[in-house]
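Letter by letter, the chains look like this.
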Amino acid sequence: MGGLILRVLGACALLTITEGVLLVVLLSAVVVERESAQLARHSQELLTSSSRLERLLVDVETGGRGFLLTGDESFLEPWNTARAAIPAESANLQRLSDTLEQKGQSRRITQGIESYIARYSVPMVDAARRNDPLVRSVAAIEEGRRRVDPIRIDFERLDLTERGVAVVRDEQAEATARQAVVAVAAGVAGSLVLILLFAGYMTRAVIRPVRRAAAMADRLAGGELTTRIPETGAAEIRTLERSFNKMGRSLEQNRDELTRFADEQAALRRVATLVAHAEPPPAVFTAVTEEAGRVLGADGTRLLRYEADGTATVVASWGAAGSEVLVGARVTLDAGGVASQVLRTDEPARIEGVAVALGGDVRSAVGVPILVEGALWGVMKALSTRDEPLPEDTENRFANFTDLIATAIANTQARADLAASRARVVAAADQTRRRIERDLHDGIQQRLVSLALDVRTIEAGTPAELPGLLAELSEVAAGLAAAVDELREISRGIHPAILSEGGLGPALRALARRSAIPVELDVRVESRLAPPVEVAAYYTVAEALANAAKHARASVVRVEAAVREGRLFVSVRDDGVGSADPARGSGLIGLTDRIEALEGRMTVASPPGLGTSLQVELPVSVDE
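Residues numbered from 1 in each chain as written. Predicted model: local features only at pLDDT ≥ 70, side-chain atom pairs only at ≥ 80, totals over all residues. Heavy atoms only, no water.

Novice: Hey, could you go over the pattern of salt bridges for me, with residue numbers and the actual values?
Specialist: Counted under the stated rule, the structure contains 13 salt bridges. One salt bridge connects glutamate 520 with arginine 558, and the closest N-O pair in it is separated by 3.5 Å. With glutamate 520 in strand β7 (residues 519–524) and arginine 558 in strand β8 (residues 557–564), this residue pair connects regions lying 38 residues apart in the sequence. Note on arginine 558: relative accessible area 28%, which makes it partly exposed. (Salt bridge = Lys/Arg side-chain N within 4 Å of Asp/Glu carboxyl O. Helix = DSSP H or I, 4+ residues; strand = E, 2+ residues; numbered from the N terminus. Buried < 20%, exposed > 50% of the residue type's maximum accessible area, 1.4 Å probe, protein only.)

Novice: Quick rundown of the packing of aromatic side chains? Include the residues and the values.
Specialist: All told, the structure shown has 2 aromatic pairs when counted by the stated rule. Ring centres 5.3 Å apart and planes at 80 degrees place the aromatic pair tyrosine 538 and tyrosine 539 in the edge-to-face group. The burial state of tyrosine 538 is the same as that of tyrosine 539; both residues are buried. Positioned over the ring face of tryptophan 79 is arginine 83, at 4.1 Å from the centre of the ring. Sitting over the ring of phenylalanine 569, arginine 564 keeps its end group 4.3 Å from the ring centre. (Phe/Tyr/Trp six-rings, centres within 6.5 Å; stacked < 30°, edge-to-face > 60°. Lys NZ or Arg CZ within 6 Å of the ring centre and 35° of its normal.)

Novice: Explain empty space enclosed by the protein to me, using residue names and the numbers behind them.
Specialist: Applying the stated criterion across every chain yields a total of 2 cavities of 30 Å³ or more. In this structure, the largest cavity spans a volume of roughly 70 Å³. Considering the residues around the largest cavity, the lining is formed by Val60, Glu61, Gly64, Arg65, Leu68, Tyr116, Tyr120, Ser121, Met124, Val125, Ile141 and Gly144. For the lining of the largest cavity, the secondary structure elements donating two or more residues are α1 (2–70), α3 (100–129) and α4 (138–189). (1 Å grid on protein atoms, 1.4 Å probe; cavity = no way out; pocket = protein on both sides within 12 Å on 5 of 7 lines; lining within 4 Å. Points joined across faces, edges and corners; volume = space filled by probe spheres on them.)

Novice: So what about helix α2 (residues 76–96)? Which residues, and what values?
Specialist: Relative to the 30 Å expected for 21 residues at 1.5 Å per residue, α2 spans 30 Å between its end C-alpha atoms, a close match to the ideal helical length. At isoleucine 86, α2 shows its maximal kink, close to 35 degrees; a proline, proline 87, follows between one and four residues later. Regarding α2, the residues found buried are Leu76, Trp79, Ala82, Ile86, Glu89, Ser90, Asn92, Leu93 and Leu96. (Expected span 1.5 Å × (residues − 1). Bend = angle between axes of the 7 residues up to and from the residue.)

Nothing here speaks to function; it is all geometry.
Written out as structure tokens, the structure is:
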């Protein structure tokens, strides 16, 4: 009996030892999984800090580049904000880096950003504020991208390093879980019914949750951020399950925020590109309403311009929400609508309510003012037909798009003012040329001709026995005739009389006759054109022929002029050596200003060895 008791006690002791060992193994697995969760949270914090710092770098780069391209100070708002936030975020990233490799990578990133801001971005912005033309060159702006690309590569390396560490941690956690399973199996195999019951309990209460947690960790690491596990475990296991679910929700939220931010930035970049390329305002308005509506998840967007009589004009529309409106239509403002509220307060407005209150099937509307140089220009509205209201940050996110609209309007007005100013300068110069030519022709030239005739009359009446006097009179008459010819040539250079009297065709034929290089002329201009257009075309051909004679070493020049579809097309091509640089000649620069002042275009192509081609396109009718 005593031996049996001893055997029973021994079995119980063995069972107790087995259970103790099993319990230790399982607790170790729980601790490892908990540590794995903590390390996973740390990994997420590191990746989130890296992402935020990269977004700040992007804000500095895009804000600085936008300011360099457009000169608009509003681009410096995100630039200044990002610069102010970078030091704290850089310190946070270095604090979170716990391996030597990560510390080295984070240090390179922060040093690279500091170098980019101090040695490139800030000096370029300062130079742009001083109106240094070199900073707006393609090479200068591309230099900024070249400096930022290595930093972005360092961000990618840091992310890859952290993800690699996370993978190793996950593998270690899974290995621990497998070891726990093996230990349970060995305990079950060496124990009796009680062990089987205990092992079943442990499997149900610990092993399965641990496996679910490990599997969830794998799926999270693989990008399945919607994965969740039921929180059915007890004590620490439930805490572990809750921690994993919380981490999954955090990762999913961060991913959604990053995706939303990336989509919004991409839309803003597309619109900013249109503004920077000086696209017409209607194209910018249409793009802004569509991009803003899609990014904000609105069912419709409207862009309205306020008129002096209290009404508004629809300049762009996207989506089908609300009543049907046509672009260009004049609408009366509803006293209770967001457009009226914005007009009264110059501040964003929001209305939420039933469909009847907002018109049509709209249940939520947000309006944001558009301020151009401090004055209220219009309003941009977002409309929603869903029961839930538009997001709370709609006004702030809308403001990014309205700022681009204001920039496009201000740029368009500035270009219009510049074109009008250039047109006035060109017109004044042409009037001065015509007045000088007329004064020379009607004054000095006629006087010299009269004096030459008087001298010839005196010469004819001088006695033959005075040969010395006859010779002197003849020399004076010849000198006066030469002076008249020189004065006529000068007058032609100032403003050719034949252009005013005969039009563009005879004037171009006169240029061809006087050219030092043979000219093939093809002029198909049936009627007179606006004087500024004729003058611009004449001086374009004159400058091109002069350049061909001086520099091209050409054997022939072909000049074509024709009117098609209400526009004058002028082409001058030579068979010379090419390699002409329009930027080095003040004559072509002056012609470009004259042509652009008339809303025309001029292009020059001069490949080496293939001659030079100059193409000009001008409207037939312009305001004089």
